[in-house]
Amino acid sequence: MDAGQVDEARERRRRSLITIAVLAGLLLCWVGYHLRNYPQRHAADRFFDALQKQDYESAYGIWWNDPQWKQHPQKYGRYSYNEFYRDWGPGGEWGLVKQHEVNCSLATESGVIVQVIVNQRAEPAHLYVLKADKTLSFSPSEIQCGSLAWMIE
């Protein structure tokens, strides 16, 4: 029946530490969640930065993650620079890229689908960035950010 004195200051410190630890854990989880696809999103952003500067040769190097691609262009015969320029140059589907915004991303088993708003068009561009080597390709699916409608083929 002898209850010891309750040290209220100690209990307040203990509750404060627990609260701070829980909040720090939640913050770390939130940051980790939002940065999980950062390398792939950054690769797509660098690609569109190069297109925006009309530096198509650098953009092609980013596409293959090989800045020295000119030293061995035969290595990229399945999607040559000429084909790339037709697709991404001024006469391509997206025209001259004047502005872009990496909107969202969706991780798959081997890569990340990155959605990019180009020139404020309603239809976004979709790129597929391989996790292993950060090479880019056309996305095999469409994603709609802000909704639950994610289609993966």
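Predicted model, so just to flag it, every value in this text is computed and none were measured.

A. Looking closely at the side chain of Thr135. Mapped onto the elements of the fold, Thr135 is located in the loop between strand 3 (125-130) and strand 4 (136-138). Judged by its relative accessible area of 12%, Thr135 falls in the buried class. A distance of 2.9 Å separates the side chain of Thr135 from the side chain of Asp133, its partner in a polar contact. Setting aside anything within four residues of it in sequence, one finds Thr135 in contact with Trp63, Trp64, Asn65, Tyr128, Val129 and Leu130.

B. View of unusual backbone geometry. Positive phi, close to 55°, is recorded for Gln120, a residue that is not glycine. Here Gln120 shows up in the loop between strand 2 (111-118) and strand 3. Positive phi outside glycine occurs at Lys134, with the angle close to 60°. Relative to the helices and strands, Lys134 resides in the loop between strand 3 and strand 4.

C. Structural view of the sheet that holds strand 2. Overall, antiparallel pairing links the 4 strands, which are arranged 1-2-3-4 in an open sheet. Edge positions in the open sheet fall to strand 1 (100-107) and strand 4, since each of these has one partner strand only. Averaged over neighbouring strand pairs, the angle between their axes works out to 30° when direction is ignored. Pairing analysis gives 7 bridges linking strand 1 to strand 2, with the strands arranged antiparallel. Residue pairing in the sheet places Leu106 in a bridge with Ile113 of strand 2. The strands that helix 2 (residues 38-52) touches are strand 1, strand 2, strand 3 and strand 4; relative to strand 1, the one it contacts most, it runs at about 150°.

Here is what the cut-offs are and how they apply
Residues numbered from 1 in each chain as written. Predicted model: local features only at pLDDT ≥ 70, side-chain atom pairs only at ≥ 80, totals over all residues. Heavy atoms only, no water. Helix = DSSP H or I, 4+ residues; strand = E, 2+ residues; numbered from the N terminus. Buried < 20%, exposed > 50% of the residue type's maximum accessible area, 1.4 Å probe, protein only. Polar contact = N/O pair within 3.5 Å; in protein donor to acceptor, adjacent residues only side chain to side chain. Contact = heavy atoms within 4.5 Å. Pairing = 2+ DSSP bridges. Axes fitted to C-alpha atoms, helices over the stretch in contact; angles between N-to-C directions.

Fair warning: the whole summary comes from geometry, so function is off the table for now.
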